[in-house]
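Residue strings, one per chain:
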Amino acid sequence: MYYIGLDVHKKTISYCVKDAAGHVHREGKMGSTRRELDAWIQTLPQPRMMAMEATIFTGWIYDYLLPHAEKVKVAHPLMLRAIAASKKKNDRIDAGKIADCLRCDFLPECHMASTEIRDRRRTLRYRHLLVRQMVQMKNRISGLLMESGVSYDKQRLHKMGYFTELFSTNEEISDSIRPLLRLGREHILRGQRLDRALIRSLERDPLLSERLRRLRTIPGVGSITALTWALEIGDYTRFQSVKEAISYCGLCSAEKSSADKVMRMPISKQRNKHIQHVLVEAAKLAPRYSHELALLREKEIQRGNKNRATLAVARKLVAYMLAVDRRKQDFVPAEELAAKAVA
């Protein structure tokens, strides 16, 4: 078996080919194009395994190389401490160390979702970008009105009827900011139309539709929460327990233990930030729709910390969604199960 380490960049890829004994068979550099990858693959010995570090360019390279190797692995960048801590660091050395980690089975491998899931996840994350831009534009419109001393109803400002009325009848709005307000409102409306179109396209996707329907049977889980869970989690079978899923979602604190001392740190930054944000926002609303979640939140609030109560509800939502995925059944509240058992 030959072990190949790849140090991937935007324009170039450095590679190192080693045998099982650690002897360098070949090393060099090539361009990050499909044509150069094709020519390079023809020169490689077989059988072979490849590994690379996770970057923004990893996805298409991983898909392209997968049919041409026994295995292709992707390393977790934060756990490749051997490269980051090196005294001398360059692309050639990095590729060699990745090959050594692969050869010795020390590579900190990270999960690589299927191509179908990654394609749909890209659409969902693009939708998140649109939402952020719409919020920025709404804040900018409010700022323009405040700069000009225009009085307005904050709660109704971004509703279509009120904004049209304010724009046409309020004499405090100067002519200098009217074109900017009009452009800002048009930007928001275009973003809202595109947002709805993207969500509908994902909800109607045959690969996701049934799974999304089951997830939405959970109280407090709507379209965005279900979509984010399905596309960010991907293959739920990779989690052996609920605790692993909670850790991946960033809903637990980090731990530093030494000897007999155990220190609980703030919430770890090593998490999937996209699903963490959505779950925290969903946990703030979910107790309105579920008696069980409301009791859980109230119990945690009595201990004196609302943020911990929100995290407790978010962790319970993770447990619910993981159970629904595993059983492939609609969610049934515990109260209904108890009533059926009594009957």
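From a predicted model like this one, the values you see are computed outputs, not experimental measurements. (Residues numbered from 1 in each chain as written. Predicted model: local features only at pLDDT ≥ 70, side-chain atom pairs only at ≥ 80, totals over all residues. Heavy atoms only, no water.)

Participant: Any chance you could explain the pattern of salt bridges here in plain terms?
Facilitator: Once their charged atoms are close, side chains differing in charge can pair, the charge on each being opposite to the other. If you walk through the whole model with that rule in mind, you get 18 salt bridges. Asp-100 is the partner of Lys-18 in a salt bridge, and the nearest nitrogen-oxygen pair spans 2.8 Å. Of the two residues, Lys-18 sits in strand S2 (residues 12–18) while Asp-100 sits in helix H4 (residues 91–103), which places them 82 residues apart along the sequence. We classify Lys-18 as buried; its relative accessible area is 9%. Arg-120 serves as the salt-bridge partner of Asp-205, at 2.7 Å between the closest nitrogen and oxygen. Within this pair, whereas Asp-205 is found in the loop between helix H7 (178–203) and helix H8 (209–215), its partner Arg-120 is found in helix H5 (residues 115–147), the two being separated by 85 residues in sequence. (Salt bridge = Lys/Arg side-chain N within 4 Å of Asp/Glu carboxyl O. Helix = DSSP H or I, 4+ residues; strand = E, 2+ residues; numbered from the N terminus. Buried < 20%, exposed > 50% of the residue type's maximum accessible area, 1.4 Å probe, protein only.)

Participant: What should I look at first to understand the pairing of strand S6 (residues 253–258) in this one?
Facilitator: The two faces of the sheet receive side chains in turn, since in a regular strand these alternate between them. Bridging between S6 and strand S7 (residues 261–267) involves five bridges; their strand directions are antiparallel. Of the residues in S7, the one forming a bridge with Ser-253 is Ile-267. Taking the residues that link successive antiparallel strands as the turn, the S6-S7 hairpin has two residues, and the phi of Ala-259 there is positive, at about 55°. (Pairing = 2+ DSSP bridges.)

Participant: For this particular structure, what's the right way to read the environment of Met-52?
Facilitator: Tracing the backbone through its elements, the reader meets Met-52 in strand S4 (residues 48–53). For Met-52 and Ile-4, which are 48 residues apart along the polypeptide, the C-alpha to C-alpha distance reads 8.7 Å. In contact with Met-52, not counting residues within four places along its chain, are Leu-6, Val-8, Thr-58, Ile-61, Tyr-62, Leu-65, Val-72, Lys-73, Val-74, Ala-75 and Ile-98. (Contact = heavy atoms within 4.5 Å.)

Participant: Even after reading the chapter, I still don't get the layout of surface pockets, so can you show me in this structure?
Facilitator: Put simply, the largest pocket is a space of about 1600 Å³. Along its surface, the largest pocket is lined by 42 residues, and Cys-110, His-111, Arg-125, Tyr-248 and Asn-272 are the ones closest to its centre. For the lining of the largest pocket, the secondary-structure elements that each account for two or more residues are helix H2 (58–65), H5, helix H9 (223–233), helix H10 (242–248) and helix H11 (273–285). Of the residues forming the lining of the largest pocket, the biggest block, seven residues, is contributed by H5. Taken together, the residues of the lining of the largest pocket sort by class into 16 nonpolar, 13 polar and 13 charged. (1 Å grid on protein atoms, 1.4 Å probe; cavity = no way out; pocket = protein on both sides within 12 Å on 5 of 7 lines; lining within 4 Å. Points joined across faces, edges and corners; volume = space filled by probe spheres on them. Nonpolar A, V, L, I, M, F, W, Y, C, P; charged D, E, K, R; others polar.)

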